[in-house]
Amino acid sequence: MQLRYAFRLDPGPGQRVALARAFGCARVVYNDAVAARERARREGAAFPSAGALSRTLITEAKRSPGRQWLSEVSAVILQQALRDVERAYTNFFSSLKGSRRGARVGAPRFKSKRDARQAIRFTANARWKITEAGRLLLPKIGEVKVRWSRRLPSVPSSVTVIRDAAGRFFASFVVESDPDADLARMPEADNLPSVGIDLGLTHFAVLSDGRVIDSPRFLRRAEKKLKKVQRELSRKQKGSKNREKARLKVARAHAQVADARREFHHQLSTQLIRESQAVAVEDLAVKALARTRLGKSVHDAGWAQFLAMLEYKAQRYARVFVKVGRFEPTSQVCSACGVKDGPKPLHVRTWACTHCGTVHDRDHNAAKNVKQAAGLAVTACRAQVRPELVPAQREEAGSHGIHTGTRAAQRHSTR
């Protein structure tokens, strides 16, 4: 399994100039390749091959007066820019055919020097290395200081140098993980319990065993600071140096919020994977919920990022990860007797089952039902309980012309 290990870089003034030059050259080659493909599409000609693009946009361009500065950077990052174009078009065409998993992607667009993220990639052909002093030696850039926070598990195959919107530099190493070493880091899964998770806004997560994880609300807590720096930015003259300084302040404030949220997700997901042999969650319609009046809080929670971490960590450490369908009535079914008690508005936090009289906490009951629907619940003899097939109700069968995202948002409003 391939993983990425990212570390902060501290380049010197001259190295910052060299990195900016490398970002610019890679961006120009990328845009030239996109322009060549678009030109061929308009003219109805065959798309130029990767070899032809490399010959015309790199080799021959270096000899021309207008592109001689391409020789000032490593040729490997220019070749990788062409590979990025090929991969972008491959993903685009696969998305059009429906053969690509995940969300649909659009056609490749031109890159700008004002983009929030700039990146260049060095493969083994570039002959980069980590020196004995712990610095990252990059061709035509020099030895860059790295803030090492942990050891790399294996020799990296490539490194990507990234500059974010806040002006920070990072080195992202691609390494191959050792499955045996990964399993040795975690306790045996045989004697560990399974857990169902109900994600929410009042509480970030409620677990089927009764644990409640409070929502940190990083964005809400930082709103006062963000409001101040954004007001200062709006008062600066466009194109001035003071406006650029103010823009960096805004970017750094947002970066602090994103970093804190990511660290919280990493710690919680690792804890759940360590303490459980199987994890069940509900497949939420995050995009639909983000379009409601709760959109800001939904983005602040970062459910999609958290679920992605749970999924890849479960795969890495040989745990079971199950997603329950978003139309499962987890908040309407009694987890004690299994009777469906109907939808309930959001302000109803506790309710009593009309059949067995059991009083439920809304979120805790939903977490139990998520675990039950995933087939992770067990009986007294430790046998797994699989959910039975239930015929769809008349009003639930079919589409009835309602958009999926709208239906998911309507369902969430009654949870």
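A quick note: this is a predicted structure, and the numbers were derived from the prediction, not measured. (Residues numbered from 1 in each chain as written. Predicted model: local features only at pLDDT ≥ 70, side-chain atom pairs only at ≥ 80, totals over all residues. Heavy atoms only, no water.)

(A) Representation of the overall build of the protein chain in the model. Helix and strand counts for the protein chain come out as 12 helices and 14 strands. For the protein chain, the C-alpha atoms occupy an extent of roughly 85 × 50 × 50 Å along the three principal directions. Long-range pairs, those at least 24 residues apart, make up 66% of the contacts in the protein chain with a sequence separation of at least 6. Computing the positive centroid from 78 side-chain charges and the negative centroid from 38, the protein chain places the two 8 Å apart. (Helix = DSSP H or I, 4+ residues; strand = E, 2+ residues; numbered from the N terminus. Contact = heavy atoms within 4.5 Å. Lys, Arg positive; Asp, Glu negative; His and termini not counted. Charge placed at Lys NZ, Arg CZ, Asp CG, Glu CD.)

(B) Quick peek at the packing of aromatic side chains. Inspection of every chain in the model, using the stated rule, returns 12 aromatic pairs. Summarising the aromatic geometry, the rings of Tyr89 and Phe93 are spaced 6.1 Å apart at their centres and angled 35° between planes, so their arrangement reads as tilted. Of this pair, Tyr89 and Phe93 are both found in helix H3 (residues 75–97), four residues apart, which corresponds to roughly one turn of the helix. Relative accessible area serves as the criterion here: at 32%, Phe93 is assigned to the partly exposed category. (Phe/Tyr/Trp six-rings, centres within 6.5 Å; stacked < 30°, edge-to-face > 60°. Buried < 20%, exposed > 50% of the residue type's maximum accessible area, 1.4 Å probe, protein only.)

(C) View of unusual backbone geometry. Backbone geometry at Arg127 places phi at a positive 60°, although glycine is not the residue there. Among the structural elements, Arg127 can be located in the loop between strand S2 (118–122) and strand S3 (129–130). We note that Lys140 has phi near 60°; this positive angle belongs to a residue other than glycine. Its place among the elements puts Lys140 in the loop between strand S4 (136–138) and strand S5 (142–147). Judged by its relative accessible area of 53%, Lys140 is exposed.

(D) Highlighting a nonpolar patch on the surface. A surface patch of nonpolar side chains, about 250 Å² in accessible area, is lined by Phe47, Phe93 and Leu96. With respect to the element layout, Phe47 can be found in the loop between helix H1 (13–43) and helix H2 (50–63). (Patch = residues over 30% accessible without salt bridge, like charges linked within 9 Å, V, L, I, M, F, W, Y side chains within 5 Å. Areas by Shrake-Rupley, 256 points an atom, 1.4 Å probe, with all protein chains shown as cover. Salt bridge = Lys/Arg side-chain N within 4 Å of Asp/Glu carboxyl O.)

(E) The sheet that holds S2, seen in detail. A sheet is described by the order of its strands in space; here seven strands give the open sequence S2-S6-S7-S1-S5-S4-S3, paired in antiparallel fashion. The strands lining the two open edges of the sheet, one partner per strand, are S2 and S3. Looking at chain direction, strand S1 (residues 2–10) and S5 are connected through three bridges and run antiparallel. Its bridge partner lying in S5, Leu9 is registered against Val146. (Pairing = 2+ DSSP bridges.)

(F) Up close: the sheet that holds strand S8 (residues 194–199). Ordered in space as S10-S9-S8-S11-S12, the five strands form an open sheet in which the pairing is mixed. Bordering the open sheet on either side are strand S10 (212–214) and strand S12 (320–324), each of which pairs with just one other strand. Strand after strand, the sheet turns through a mean of 20° between neighbouring axes, direction not considered. Relative to the sheet, helix H7 (residues 241–275) contacts S8, strand S9 (203–207), S10 and strand S11 (278–282), its axis offset from that of S9 by approximately 0°. (Axes fitted to C-alpha atoms, helices over the stretch in contact; angles between N-to-C directions.)

(G) Structural detail: the pattern of salt bridges. On inspection of all chains with the given rule, the structure shows 20 salt bridges. Of the charged contacts in the structure, one is a salt bridge between Asp259 and Arg168, with a shortest N-O distance of 2.8 Å. Taken together, the positions of Asp259 in helix H7 and Arg168 in the loop between strand S6 (158–163) and strand S7 (169–176) put the pair 91 residues apart, joining distant regions of the chain. Taking relative accessible area as the criterion, Asp259 reaches 27% and is therefore assigned partly exposed. Under the relative-accessibility criterion, Arg168 is labelled buried at 16%. A salt bridge links Asp182 to Arg316; the shortest N-O distance between them is 3.1 Å. Of this pair, Asp182 sits in helix H4 (residues 179–185) while Arg316 sits in helix H10 (residues 303–316), and the two are 134 residues apart along the sequence. In terms of burial, Asp182 and Arg316 fall into one category: buried.

(H) Layout of H10. For H10, which comprises 14 residues, the first-to-last C-alpha distance of 20 Å matches the rise-based estimate of 20 Å (1.5 Å per residue) to within 8%. Within H10, burial applies to Trp303, Phe306, Leu307, Met309, Leu310, Lys313, Ala314 and Arg316. Phi turns positive, to about 55°, at Ala318, one or two residues after H10. (Expected span 1.5 Å × (residues − 1).)

(I) Broad picture of the nonpolar core. The biggest cluster of nonpolar side chains holds 43 residues, and the ones touching the most others in it are Ile120, Phe122, Leu136 and Leu138. For this core, the element with the most residues is H1, which contributes 11 residues. Those residues in contact with Leu138 that lie beyond four places of it in its chain are Phe122, Trp128, Val144, Val159 and Val161. (Core = buried A, V, L, I, M, F, W, Y, C linked by side-chain atoms within 4.5 Å.)

(J) Spatial organisation of the confidence of the model for the protein chain. Across the protein chain, the average pLDDT comes to 87, with 91% of residues at or above 70. Low pLDDT, under 50, characterises residues 378–415; the stretch is placed with 59 contacts to residues that sit more than four places away or in other chains. (pLDDT = per-residue confidence, 0-100.)

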